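# Reading the structure
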Amino acid sequence: MKLQESGENYLETILILEQRNGIARSVDVANELGFSKPSVSRAVSVLKEAGYVEIGSINQLLLTESGREVAEKIYERHCILKDYLMSIGVDETTASDDACRIEHVISDITFDCIKKIMR
């Protein structure tokens, strides 16, 4: 199943919340993204059906292997693109916002070239 940008954003957010808080819950995702709890619940159901997320014993969101792979790829793109944009003079807020949009559409070839420059 090809994930849409919104699905990638949910997976990335779950990963970030796990790293920050040690756990990710639907309510945390809703707060982080500024979405309603029912919207997040629906998205989580879709991600669960697609095999990207599981629900843990205390109702936490757990990334499956494939979910974690997608989340880490998108998060890496976000971080490198944000750093690249800041290195050319873009302020941090704008760089983060733009990186969030670019990370979903940039080709692997272009991203790899930027990644080489930034390493």
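Since the structure is predicted, the reported quantities are computational estimates derived from the model, not experimental observations.

### Things to note about the overall build of the protein chain
Scanning the protein chain from N- to C-terminus turns up 6 helices and 2 strands. Mapped in sequence order, the helices and strands of the protein chain form the string α-α-α-β-β-α-α-α. Here the C-alpha atoms of the protein chain give a radius of gyration of 15 Å, agreeing with the 14 Å that 2.2 N^0.38 yields for 119 residues. Seen through its C-alpha atoms, the protein chain measures out along the principal axes to roughly 45 × 25 × 25 Å. A total of 119 residues make up the protein chain; the buried ones form 37% of that total. Across the protein chain, the fraction of contacts at a sequence separation of at least 24, relative to all contacts at a separation of at least 6, is 54%.

### Quick notes on the nonpolar core
Judged by nonpolar contacts, the single largest core of 20 residues is most densely connected at Leu11, Ile14, Val29, Leu47, Tyr52, Val53 and Leu63. It is helix α1 (residues 5–21) that provides the largest number of residues to this core, a total of 5 residues. Residues Ile80, Ile106, Phe111 and Ile114 belong to the second largest nonpolar core, which totals 6 residues.

### What to know about the packing of aromatic side chains
The geometry of an aromatic ring pair comes down to the distance between the two centres and the angle between the two planes. Going through the model one piece at a time under the given rule, you end up with 1 aromatic pair. Here tyrosine 10 and phenylalanine 35 contribute two aromatic rings whose centre-to-centre distance is 6.0 Å and whose plane-to-plane angle is 50°, an arrangement assigned as tilted. Highlighted residues: tyrosine 10 in helix α1 and phenylalanine 35 in the loop between α2 (26–33) and α3 (37–49), separated in sequence by 25 residues. Judged by relative accessible area, tyrosine 10 falls into the buried class, the value being 7%. By relative accessible area, phenylalanine 35 is classed as partly exposed at 41%. In this structure, arginine 77 packs its charged tip against the face of phenylalanine 111, placed 5.1 Å from the ring centre.

### A few points about the pattern of salt bridges
If you walk through the whole model with that rule in mind, you get 8 salt bridges. Between glutamate 18 and arginine 68 there is a salt bridge, with the nearest N and O atoms lying 2.8 Å from each other. One end of the pair, glutamate 18, is in helix α1; the other, arginine 68, is in helix α4 (residues 65–87), and 50 residues separate them in sequence. When its relative accessible area of 17% is taken as the criterion, glutamate 18 is described as buried. Since its relative accessible area comes to 28%, arginine 68 is described here as partly exposed. The shortest N-O distance in the salt bridge between arginine 101 and aspartate 98 comes to 2.5 Å. Placement of both arginine 101 and aspartate 98 in helix α5 (residues 92–102) is noted, with a separation of 3 residues, approximately one turn of the helix. Note on aspartate 98: relative accessible area 25%, which makes it partly exposed.

### A closer look at the state of the cysteines
Overall, the coordinates contain 0 disulfides when judged by the stated rule. As a non-bridged cysteine, cysteine 100 has cysteine 79 as the owner of its nearest cysteine sulfur, 11 Å distant. In this structure cysteine 100 comes out as partly exposed when scored by relative accessible area, which is 27%.

About the cut-offs
Every chain is numbered on its own, with residues counted from 1 as its sequence reads. In view of the model being predicted, local features appear only for residues whose pLDDT reaches at least 70, and side-chain atom pairs are presented and counted only at 80 or more, with totals across whole chains, interfaces and linings using the full set of residues. Only heavy atoms go into the side-chain values, all of them from the structure, while hydrogens and water stay out. Under the scheme used here, helices are H or I runs from DSSP no shorter than 4 residues and strands are E runs no shorter than 2 residues, and both carry numbers assigned from the N terminus. A radius of gyration in this sense is built from C-alpha atoms; the matching globule rule multiplies 2.2 Å by the number of residues raised to 0.38. Burial classification: accessible surface area is computed with a 1.4 Å probe over protein chains only, and a residue below 20% of its type maximum counts as buried, one above 50% as exposed, and the rest as partly exposed. The contact criterion used is simple: two residues touch if any of their non-hydrogen atoms lie within 4.5 Å. Residues enter a nonpolar core if they are buried and are Ala, Val, Leu, Ile, Met, Phe, Trp, Tyr or Cys, with the set joined through side-chain atoms within 4.5 Å. Stacked, tilted and edge-to-face are the three classes assigned to paired rings of Phe, Tyr and Trp, where Trp is represented by its six-membered ring and a pair needs centres within 6.5 Å; plane angles under 30 degrees give stacked, over 60 edge-to-face, the rest tilted. By the criterion adopted, a ring carries a charge over it if an Arg CZ or a Lys NZ lies within 6 Å of its centre and within 35 degrees of its normal. For salt bridges, the criterion is a side-chain nitrogen of Lys or Arg within 4 Å of an Asp or Glu carboxyl oxygen. Here, two cysteine sulfur atoms that lie within 2.5 Å of each other are counted as a disulfide.

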